[in-house]
Amino acid sequence: MICCAWCIAGCDPVAREKARRSATSKAAEVREATTQKAEEVREAVEPYIDRAKYATTQAYEKAKQRARELAEDARPYVDRAKSATTQAAQKVKSAATQAAERVREAASRPAESR
């Protein structure tokens, strides 16, 4: 922008300085107007961002609470499943022990009585 102003002003140093000051002044005005507009936009958008953050936080907390409730509701079923699994494991162990004892007894009898 300054370069164009110098071209227009030609080689006259006074005119060139006046053109440079004018271009610098315009650039400063544009920068200030841009900054002001950006601030206005930020102020206009900020309440929406705050509301969205609040809504997101509320949804997260609600989901977390619901997950806790569901886990608590599932506790009796989990406990029953653990108990059933333990009982089944004990039955299998007992059956395996009995089978091993029968095999030992059969192996310890004389061959003719089998």
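Here the structure is shown first, and the text comes after it.
The following refers to the structure shown. (Residues numbered from 1 in each chain as written. Predicted model: local features only at pLDDT ≥ 70, side-chain atom pairs only at ≥ 80, totals over all residues. Heavy atoms only, no water.)

1. Description of the pattern of salt bridges
Next up, step 1: Scanning the entire structure with this criterion turns up seven salt bridges.
Next up, step 2: Between E39 and R42 there is a salt bridge, with the nearest N and O atoms lying 2.5 Å from each other. Here E39 pairs with R42, and both are found in helix α2 (residues 13-108), just three residues apart, close to one helical turn.
Next up, step 3: Residue E39 is classed as partly exposed on the basis of its relative accessible area, which comes to 30%.
Next up, step 4: The shortest N-O distance in the salt bridge between E61 and K64 comes to 3.8 Å. Taken as a pair, E61 and K64 lie in helix α2 at a separation of three residues, close to a single helical turn. (Salt bridge = Lys/Arg side-chain N within 4 Å of Asp/Glu carboxyl O. Helix = DSSP H or I, 4+ residues; strand = E, 2+ residues; numbered from the N terminus. Buried < 20%, exposed > 50% of the residue type's maximum accessible area, 1.4 Å probe, protein only.)

2. Some remarks on α2
Structurally, the α-helix is built with 3.6 residues per turn, so residues lying three or four positions apart point the same way.
Next up, step 1: Taking 1.5 Å per residue, 96 residues should reach 142 Å; α2 reaches only 124 Å between its end C-alpha atoms and comes up short.
Next up, step 2: Along α2, the sharpest change in direction is near 40° and occurs at R75; proline P76 comes one to four residues later. (Expected span 1.5 Å × (residues − 1). Bend = angle between axes of the 7 residues up to and from the residue.)

3. Quick look at a nonpolar patch on the surface
Next up, step 1: A contiguous nonpolar surface patch, about 230 Å² in accessible area, is contributed by V41, V45 and I49.
Next up, step 2: Relative to the helices and strands, V45 resides in helix α2.
Next up, step 3: Judged by its relative accessible area of 37%, V45 is partly exposed. (Patch = residues over 30% accessible without salt bridge, like charges linked within 9 Å, V, L, I, M, F, W, Y side chains within 5 Å. Areas by Shrake-Rupley, 256 points an atom, 1.4 Å probe, with all protein chains shown as cover.)

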